[in-house]
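Chain and residue survey
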Amino acid sequence: DAKTTQPPSMDCAEGRAANLPCNHSTISGNEYVYWYRQIHSQGPQYIIHGLKNNETNEMASLIITEDRKSSTLILPHATLRDTAVYYCPSLNAGGTSYGKLTFGQGTILTVHP
Amino acid sequence: NAGVTQTPKFQVLKTGQSMTLQCAQDMNHNSMYWYRQDPGMGLRLIYYSASEGTTDKGEVPNGYNVSRLNKREFSLRLESAAPSQTSVYFCASSLGRGNSGNTIYFGEGSWLTVV
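A brief look at the structure comes next. All values reported here derive from a predicted model rather than from experimental measurement.

1. Examining the sheet that holds strand β3 (residues 19-25) of chain B
Residues and elements named next belong to chain B. If you walk across this open sheet you meet the four strands as β1-β3-β8-β7, and the pairing is antiparallel. The sheet is open, and its two edges are formed by β1 (4-7) and β7 (64-68), each paired on a single side. The sheet shows a mean angle of 20 degrees between the axes of neighbouring strands, direction not considered.

2. Overview of the environment of Glu14(A)
Note on placement: Glu14(A) falls in the loop between β1 (9-13) and β2 (18-23). It is 25 Å that separates the C-alpha atoms of Glu14(A) and Ser70(A), two residues lying 56 residues apart in sequence.

3. As for the environment of Ala92(B)
Residues and elements named next belong to chain B. Among the structural elements, alanine 92 can be located in strand β9 (residues 87-94). Taking the C-alpha atoms as reference points, alanine 92 and tyrosine 105, separated by 13 residues in sequence, lie 5.3 Å from one another. When sequence neighbours within four positions are dropped, the list of residues in contact with alanine 92 reads Val4, Ser31, Met32, Tyr33, Ile104, Tyr105 and Phe106.

4. Considerations on the pattern of salt bridges
By the definition in use, this model includes four salt bridges over all chains. The salt bridge involving Arg37(A) is made with Asp82(A); its shortest N-O contact spans 2.7 Å. On the criterion of sequence distance, the pair formed by Arg37(A) in strand β3 (residues 32-38) and Asp82(A) in the loop between β7 (70-75) and β8 (84-87) is long-range, its members being 45 residues apart. Relative accessible area serves as the criterion here: at 12%, Asp82(A) is assigned to the buried category. A salt bridge links Asp38(B) to Arg36(B), with the shortest nitrogen-to-oxygen separation between them at 3.0 Å. Neither Asp38(B) nor Arg36(B) differs from the other in exposure class; each is buried. Linked by salt bridges that have partners in common, Arg36(B), Asp38(B) and Arg44(B) make up one network.

5. Side note on the nonpolar core
Within the largest apolar cluster, 21 residues are counted, with the highest numbers of intra-cluster contacts made by Leu20(A), Trp35(A), Leu73(A), Leu75(A), Tyr86(A) and Leu109(A). Secondary structure elements with two or more residues in this core: β2, β3, β4 (45-50), β6 (61-64), β7, β8 and β11 (107-112) of chain A. By residue number, the principal contributor to this core is β2(A), which donates three residues. Ignoring sequence-local partners within four residues, the contact set of Leu75(A) consists of Arg16(A), Ala17(A), Ala18(A), Leu20(A), Met59(A), Ala60(A), Asp82(A), Tyr86(A) and Leu109(A). Ranked by size, the runner-up nonpolar core spans 20 residues in total, among them Leu21(B), Met32(B), Trp34(B) and Ile46(B).

6. Examining the state of the cysteines
Following the criterion strictly, the structure yields two disulfides over all chains and no others. The side chain of Cys22(A) participates in a disulfide bridge whose partner is Cys88(A); the two sulfur atoms lie 1.9 Å from each other. As the torsion about the S-S bond is roughly 75 degrees, the Cys22(A)-Cys88(A) disulfide counts as right-handed. Here Cys22(A), found in strand β2, pairs with Cys88(A), found in the loop between β8 and β9 (90-91); they are 66 residues apart in sequence, far enough to count as distant. For Cys22(A), a relative accessible area of 2% corresponds to the buried category. With its sulfur 1.9 Å from that of its partner, Cys23(B) forms a disulfide with Cys91(B). Of note, the bridge from Cys23(B) to Cys91(B) carries an S-S torsion of about -75 degrees and is left-handed in sense. A residue pair is termed long-range when its members are at least 10 positions apart, and Cys23(B) in strand β3 and Cys91(B) in strand β9 qualify at 68 residues.

What counts, and at which threshold
- Residues numbered from 1 in each chain as written.
- Chains lettered and ligands numbered in written order.
- Predicted model: local features only at pLDDT ≥ 70, side-chain atom pairs only at ≥ 80, totals over all residues.
- Heavy atoms only, no water.
- Pairing = 2+ DSSP bridges.
- Helix = DSSP H or I, 4+ residues; strand = E, 2+ residues; numbered from the N terminus.
- Axes fitted to C-alpha atoms, helices over the stretch in contact; angles between N-to-C directions.
- Contact = heavy atoms within 4.5 Å.
- Salt bridge = Lys/Arg side-chain N within 4 Å of Asp/Glu carboxyl O.
- Buried < 20%, exposed > 50% of the residue type's maximum accessible area, 1.4 Å probe, protein only.
- Core = buried A, V, L, I, M, F, W, Y, C linked by side-chain atoms within 4.5 Å.
- Disulfide = S-S within 2.5 Å.

Written out as structure tokens, the structure reads:
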């Protein structure tokens, strides 16, 4: 399973874009990059995922580098409610561990007024 | 649409007692999972069920048993609870095996304290 690393914390001003980086230098070709967030110890909330191409949905955008060794989650207009711990787990594909998300320590994003 | 529902939400057990955490999903998903989350440890997979009728060990299976009762339900049992099992437990589900990019959805968690 690929190990992902993230900065432990980041700050962002309300209304500005939040760019959260994730390093996954050991990711294999069939592993997807996922982003989840967790607010106040609630269940992890799915945000977005991708394999090779950049992705966008109603919550965020995901930029994956061409070599797939890193990615960036972009929250285009951060609000106070986006304050949470953000995780970029990799998803092991195939073998006997399929479906297993490998979570790291995550990034605590604090959005301030 | 309830998604993934876990019960109970909070539970206090004495060492040696047994209990079962219940999980049900209403999304017609094939795969279900149990994770635990401890401070500073992130989420760790305990057991998973790729499809109805199958279960497999995850990263930290010791002290737990699971039952995939039917397609909707996946329970986690602690036969003899230990203080080291004090944790927050999350059930999750996904449409397929997850290896084709199927999203995994989590329940709201069950807080278990073993004294």
